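What follows is each chain in one-letter form.
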Amino acid sequence: MELALLYSGGKDSSLAALLLDRFYDVRCVTGTFGLTDDYEHARRAAEALGFPFERVDLDEAVAREAAATMREDGFPRNGIQRIHEHALETVAGLDVDAVADGTRRDDRVPTVSRAQAQSLEDRHDVDYIAPLSGFGRHAVDRLVTATFEVEQGPSEKIEKADYEGEIRALLRAEDGDEVVAEVFPDHEQTYVHGRAE
């Protein structure tokens, strides 16, 4: 069975890929608005783990809408949520049996409710799977440490292909670094370079 996994090259989506690999033909899929070439980071991570990779184009209007929401809110939560929902819808439209993401039990954003998952499944005739939904951050961290070579550091310095990089670029181009700093709090990100030896 074919499964498209929303993939950033970080620890959560990489762990999700390994967990699903026993049951599905996993394809790592990164959505891009075409604002940066950050998707290449995900391509390299997927290849290092031995998974096929696909880039999918997302609607730039959604990026602009999300950036406006973030500017107005002063934080990224609602904008990131909107982008994730759009990415899931886009990937569910591919010729696959299932779609998945790396959302964890204790994630604040993005999240997928039961109602959203059921609606996605019904409208696209796919299964939606969140293999980490029963795992908390500490459990994921322990599994990741034993499984991957991971780089961790401040979000703005770690190569990755999540939605944040393109939205940062959009905000920076339109409003400057000050707005980016106001919207995005300091936080850590990860990037997977391969499997642990």
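This text goes with the structure placed above it.
This section reports on the structure supplied with the text. Note that this is a predicted model, so its numbers are computed, not measured. (Residues numbered from 1 in each chain as written. Predicted model: local features only at pLDDT ≥ 70, side-chain atom pairs only at ≥ 80, totals over all residues. Heavy atoms only, no water.)

A look at helix H7 (residues 163-175)
Logical step 1: Under the 1.5 Å per step criterion, the end-to-end length of H7 is 18 Å for 13 residues, consistent within 8% with the ideal 18 Å.
Logical step 2: Among all positions in H7, only Tyr163, Glu164, Gly165, Glu166, Ile167, Arg168, Leu170 and Leu171 are buried.
Logical step 3: Of the surrounding secondary structure, the elements contacted by the buried residues of H7 are strand S1 (2-6), strand S2 (25-32), helix H3 (60-73), helix H4 (77-92), helix H8 (177-183) and strand S7 (188-195).
Logical step 4: Downstream of H7 by a residue or two, Gly176 has a phi angle that is positive, lying close to 95°. (Helix = DSSP H or I, 4+ residues; strand = E, 2+ residues; numbered from the N terminus. Expected span 1.5 Å × (residues − 1). Buried < 20%, exposed > 50% of the residue type's maximum accessible area, 1.4 Å probe, protein only. Contact = heavy atoms within 4.5 Å.)

A short note on unusual backbone geometry
Only a minority of non-glycine residues have a phi that is not negative, and only a minority of peptide bonds are not trans.
Logical step 1: A cis geometry characterises the amide bond from Val109 onward to Pro110, with omega recorded as -5°.
Logical step 2: With respect to the element layout, Pro110 can be found in the loop between strand S4 (98-100) and helix H5 (114-124).
Logical step 3: Its identity as a non-glycine residue notwithstanding, Asp125 has a phi of 55°, on the positive side.
Logical step 4: By the secondary structure assignment, Asp125 is in the loop between H5 and strand S5 (127-129).

What about the side chain of Asp162?
Logical step 1: Summarising the element assignment, Asp162 is placed in the loop between strand S6 (148-154) and H7.
Logical step 2: Salt bridges are absent for the buried Asp162, whose nearest opposite-charge side chain, Lys160, sits at 4.4 Å.
Logical step 3: Separated by 3.1 Å, the side chains of Asp162 and Gln189 make a polar contact.
Logical step 4: Leaving out residues up to four positions away in the same chain, Asp162 has contacts with Ser8 and Gln189. (Lys, Arg positive; Asp, Glu negative; His and termini not counted. Salt bridge = Lys/Arg side-chain N within 4 Å of Asp/Glu carboxyl O. Polar contact = N/O pair within 3.5 Å; in protein donor to acceptor, adjacent residues only side chain to side chain.)

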